[in-house]
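Here is what each chain is made of, one letter per residue.
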Amino acid sequence: MAFSLDNLLVIGISSRALFDLEAEDAIFQAQGLDAFRQHQLENENTVLKPGAGYALVKALLKLNALIPGHRMVEVVVMSRNSSETSLRIFNSIQHYGLDITRAALTGGAPLAPYLNAFNVSLFLSLHEDDVQAAINSGVASAMLYPMPPNAADMEQIRIAFDGDAVLFSDESERIYQQQGVEAFESHERENAKKTLPDGPFARLLRALSYLQNHFKTPDGRAFPLRTALVTARASPAHERVIRTLRAWDIAIDETFFMGGVNKSAVLSAFKPHMFFDDQHGHCLKASDVVPTGRVPIKQTSEPTN
């Protein structure tokens with residue numbers, strides 16, 4: 001019987017995001033493909049260290065063990081490597097006991113065209129072109145920053161999101177960037193009762209909320225999953241966010257309206273397995289304390305005259 005990915009939370013992750021392959025990438029950049037290939041073949045039994053997305057993947061895969069016979073999450077390794085040089089990746093997966101059996105190895109070709117083929121809900125990578133292409137095709141995607149030192153290994157799955165241009169569209173963010181804070185606040189007051197349009201991670205948040213609300217462990221407890229919204233918004237721009245989440249029928253566990261205050265201290269206290277934001281400056285500061293992924297703005301091709 002064929003296996004379906006339709007009703008699963010599918011995480012696509014590049015090999016460089018799952019494992020630390022920075023030394024190998026440096027060989028590829030400096031010496032070329034043949035040197036990289038030879039290095040991987042010679043070290044295929046050397047276990048790789050965890051990468052920036054490892055903790056989140058490991059945590060999410062634990063959901064599959066909570067209800068016997070009920071699989072919730074599927075992880076697909078998506079790499080531009082060829083199958084010839086990928087054995088080290090599979091050996092490392094086996095070493096860490098990760099429940100990952102599927103891979104897309106494109107031999108240098110872009111990965112984005114294959115995301116929908118695997119029904120990917122979230123794509124994580126260190127390759128900016130692949131992340132941008134994924135966002136452009138409508139798949140939630142983030143470019144990961146290097147792991148912070150001493151990152152927390154929480155038993156409870158924790159994911160934190162920025163608001164505008166991540167959970168919500170970049171409509172209001174563009175007003176802020178182009179016209180300033182007064183125009184932004186005026187716009188939000190005037191549209192306080194109007195639901196914010198979906199952003200690239202709205203579908204992912206709905207999927208996580210569904211898992212929280214509709215599945216419980218055999219002892220009757222809800223899944224060990226907690227979400228947070230950490231947004232630069234503050235009053236009077238808070239109302240539209242609250243009304244939007246209410247309209248989506250989503251209750252985020254923790255919400256922080258920061259009003260421009262540095263998010264790092266709050267994130268350090270929340271200890272997420274991953275924080276998603278669209279601003280490089282915010283991500284750079286956050287990545288010092290928690291695993292962080294930057295969500296690029298969706299690009300649309302403009303018609304030419």
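See the structure above.
These numbers were taken from a predicted model, which means no experiment stands behind them. (Residues numbered from 1 in each chain as written. Predicted model: local features only at pLDDT ≥ 70, side-chain atom pairs only at ≥ 80, totals over all residues. Heavy atoms only, no water.)

### Looking at the sheet that holds strand E4 (residues 122-125)
As summarised here, the arrangement of the 10 strands in space is E3-E2-E1-E4-E5-E10-E9-E6-E7-E8, forming an open sheet in which the pairing is mixed. The outermost strands of the open sheet, each flanked by one partner alone, are strand E3 (102-105) and strand E8 (254-257). Put simply, the sheet's adjacent strands are angled 25° from each other on average, direction ignored. As paired elements, strand E9 (residues 274-277) and strand E10 (residues 292-294) share 3 bridges and run parallel to each other. Within E10, the residue paired with Phe 276 across the bridge is Gly 293. (Pairing = 2+ DSSP bridges. Helix = DSSP H or I, 4+ residues; strand = E, 2+ residues; numbered from the N terminus. Axes fitted to C-alpha atoms, helices over the stretch in contact; angles between N-to-C directions.)

### A closer look at the environment of Leu 229
Looking at the secondary structure, you find Leu 229 in strand E7 (residues 225-231). Overall, Leu 229 belongs to the buried group, its relative accessible area being 0%. Distance in space between the C-alpha atoms of Leu 229 and Gly 163 is 6.7 Å, their sequence separation being 66 residues. (Buried < 20%, exposed > 50% of the residue type's maximum accessible area, 1.4 Å probe, protein only.)

### Quick word on the pattern of salt bridges
One pass over the structure, following the stated rule, counts 21 salt bridges. Here Arg 71 makes a salt bridge to Glu 74, at a shortest N to O gap of 2.7 Å. Residue Arg 71 is classed as partly exposed on the basis of its relative accessible area, which comes to 28%. Under the relative-accessibility criterion, Glu 74 is labelled buried at 0%. (Salt bridge = Lys/Arg side-chain N within 4 Å of Asp/Glu carboxyl O.)

### Details of the packing of aromatic side chains
By convention here, two paired aromatic rings are described through the distance between centres and the angle between planes. Overall, the coordinates contain 9 aromatic pairs when judged by the stated rule. With centroids separated by 6.0 Å and ring planes inclined at 25°, the aromatic side chains of Phe 19 and Tyr 96 adopt a geometry described as stacked. Pair noted here: Phe 19 is in the loop between helix H1 (15-18) and helix H2 (22-31) and Tyr 96 is in helix H5 (residues 87-96), with a separation of 77 residues, a long-range link. Here Phe 19 falls in the buried class, since its relative accessible area comes to 0%. Judged by centre distance (5.9 Å) and plane angle (80°), the rings of Tyr 176 and Phe 184 are edge-to-face. What makes Tyr 176 partly exposed here is its relative accessible area of 39%. Taken together, the ring pairs connect Phe 19, Tyr 54 and Tyr 96 into an aromatic cluster. Here the guanidinium or amino end of Arg 158 rests over the ring plane of Phe 270, the centre of that ring lying 5.1 Å away. Looking at Arg 206, its charged tip hangs above the ring of Trp 248, at a distance of 4.6 Å from the centre. (Phe/Tyr/Trp six-rings, centres within 6.5 Å; stacked < 30°, edge-to-face > 60°. Lys NZ or Arg CZ within 6 Å of the ring centre and 35° of its normal.)

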